[in-house]
Amino acid sequence: MGRPTPVPESDVSPVLREPAPADVVPAPVRYEVTLDESVIDPDVQKVLRRLVRRGYEAYAVGGCVRDLLLGRHPKDFDVATSARPEEVRELFRNSRIIGRRFRLVHVLFQGGKVIEVATFRKNPNPDTEGEENSELLIRSDNVFGEAHEDAMRRDFTMNALFYDLEAREILDWVGGMDDLRRSVVHTIGDPETRFREDPVRILRALKFAGRLGFGMTPDVYDAIVACREALQLAARPRVAEEILRLLRGGAARRTIYLAWETGVLDVLLPELSALLYDDDAPDGPGRRLWRTLAYIDERTAEEGPLDDTVLWTLLLLEPLKEACEGARDRAAMVADFLEPLVDRLAVSRRYADGIRRIMSILPRVAQGRAGRFARTDLFFPALTVAAASLVAEGKSTEPIERLRQAVIAQDPRSFGQYRSKPYPSRGSRV
Ligand code: ATP
Ligand code: MG
């Protein structure tokens with residue numbers, strides 16, 4: 001996997017300006033940049049320009065700016081503005097205010113496209129360094145603020161860069177441009193404080209380090225080790241979503257390795273770390289896990305992110321296979337194995353049901369037999385899992401390929417269905 005393109009030096013130069021008076025607001029360092037504007041969604045540009053024309057501040061922010069600077073294609077674009085949600089709502093006829101915890105505006109465009117516009121917010125407990133750990137956890141963060149405060153409340157320096165479309169400048173209050181150039185993940189402010197405020201940031205740090213091939217500064221690494229238990233305090237659906245995101249990002253193997261190395265895996269998925277600790281055998285379950293994760297990354301590079309049920313199944317494949325070994329009722333064994341996980345990580349019932357059905361049919365599919373299961377929505381996901389399982393065991397995936405071809409030949413529409421249809425939570429019984 002190649003490293004991301006570094007921020008080109010020639011395209012980036014700080015613009016010297018008169019510093020703002022110290023008692024007003026902190027002035028950002030401004031960098032004149034040449035970003036490829038053809039990559040910035042034209043509707044995002046429209047939203048930014050209209051807000052600015054009406055006298056508000058408005059910037060592209062967060063992951064999209066980071067990705068543009070790294071020469072990567074942004075997944076989506078976020079807009080931050082000084083306008084309040086009601087004011088944004090008034091400017092765009094096709095928009096609606098959403099969210100209770102923090103209110104955002106969704107501006108709707110043709111084809112179901114949604115652009116999220118957020119009013120600048122600030123960290124609700126700004127001076128918390130040295131406070132009791134349990135007091136740090138942020139429970140509500142819906143306090144409006146100014147642009148610099150909105151930058152400071154973000155998680156990592158590389159995620160806090162604001163792009164001013166009109167001026168073609170990056171505004172940097174946090175040293176994000178330097179960290180991007182050095183390819184490091186660094187929190188804004190003290191890492192321990194920031195991880196205790198929101199432990200999901202630990203997973204985000206691992207995700208970005210893995211996905212972008214970045215290093216972590218030593219203080220961030222040490223803080224992850226020191227704060228990892230705090231992940232148990234985080235909202236479970238957020239943790240589950242973040243795990244899926246790190247599996248989808250194309251660097252599942254590297255990211256899970258980092259999670260193991262830092263001990264985060266012990267907290268979240270002891271079922272997996274146990275396999276890794278007592279495994280030195282060349283073909284043992286630990287090695288198979290790394291090969292399975294590498295398989296996820298290969299497939300993701302070829303065809304984009306895999307289905308979520310497939311991702312959960314593959315992540316847990318080795319301990320799942322162990323649980324099923326010699327069992328007559330595989331579905332029941334899988335259900336028992338998943339029960340604590342469903343609780344600990346809020347893995348939804350829908351996924352658990354899919355995992356159970358895929359694991360039940362797996363031995364037959366791996367031998368190239370599918371029967372009536374070939375007509376269910378889980379057939380193609382099961383093929384992916386079976387292929388990964390064979391690859392992890394160092395075996396040929398040929399029976400799977402033959403089965404796939406045979407089923408597609410019988411009903412060519414089925415392949416398209418797999419790509420476009422979500423799996424129902426309850427399907428025909430295996
Ligand atoms: P991805 O490419 O995975 O979407 P992203 O950086 O865009 O990465 P999002 O989850 O989409 O991540 O969040 C958008 C932005 O919101 C981030 O870039 C960051 O500035 C901010 N953010 C997200 N999660 C947190 C958090 N837990 N704490 C502080 N800021 C956050
Ligand atoms: Mg994003």
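Thresholds, definitions, all that
- Residues numbered from 1 in each chain as written.
- Chains lettered and ligands numbered in written order.
- Predicted model: local features only at pLDDT ≥ 70, side-chain atom pairs only at ≥ 80, totals over all residues.
- Heavy atoms only, no water.
- Helix = DSSP H or I, 4+ residues; strand = E, 2+ residues; numbered from the N terminus.
- Buried < 20%, exposed > 50% of the residue type's maximum accessible area, 1.4 Å probe, protein only.
- Lys, Arg positive; Asp, Glu negative; His and termini not counted.
- Salt bridge = Lys/Arg side-chain N within 4 Å of Asp/Glu carboxyl O.
- Polar contact = N/O pair within 3.5 Å; in protein donor to acceptor, adjacent residues only side chain to side chain.
- Contact = heavy atoms within 4.5 Å.
- Core = buried A, V, L, I, M, F, W, Y, C linked by side-chain atoms within 4.5 Å.
- Axes fitted to C-alpha atoms, helices over the stretch in contact; angles between N-to-C directions.
- Left-handed = near helix turned anticlockwise from the far one by under 90°.
- Nonpolar A, V, L, I, M, F, W, Y, C, P; charged D, E, K, R; others polar.

## Some details on the side chain of D164
Move 1: Mapping D164 onto the fold places it in strand β10 (residues 162-164).
Move 2: The charged side chain of D164 is buried without a salt bridge, its nearest counter-charge being R30 at 4.8 Å.
Move 3: At a separation of 3.1 Å, a polar atom in the side chain of D164 contacts the main-chain amide nitrogen of A167.
Move 4: Ignoring anything within four residues of it in the chain, the contact list for D164 reads Y59, E169 and L171.

## Considerations on the nonpolar core
Move 1: Ranked by size, the top nonpolar core spans 116 residues in total, and within it L51, W312 and L338 carry the most contacts.
Move 2: When residues no more than four places from it in sequence are discounted, the contact partners of L338 are L316, L320, A352 and I355.
Move 3: One finds Y59, A160, F162 and W173 within the second-largest nonpolar core, a separate group that totals 12 residues.

## As for the pattern of salt bridges
Move 1: One pass over the structure, following the stated rule, counts 36 salt bridges.
Move 2: The shortest N-O distance in the salt bridge between R194 and E197 comes to 2.9 Å. Placement of both R194 and E197 in helix α7 (residues 191-197) is noted, with a separation of three residues, approximately one turn of the helix.
Move 3: Using a relative accessible area of 5% as the deciding quantity, one classes R194 as buried.

## Describing the packing of helix α15 (residues 308-315) against helix α18 (residues 349-366)
Move 1: Contact geometry for α15 and α18: axes closest at 9 Å, N-to-C directions at 65 degrees. Here the hand of the crossing between α15 and α18 comes out right-handed. Taking contact as the criterion, the partners of D308, T309, W312 and T313 in α15 are, on α18, Y351, G354, I355, I358 and M359.
Move 2: Among the residues making up the contact of α15 with α18, the classes are represented as five nonpolar, three polar and one charged.

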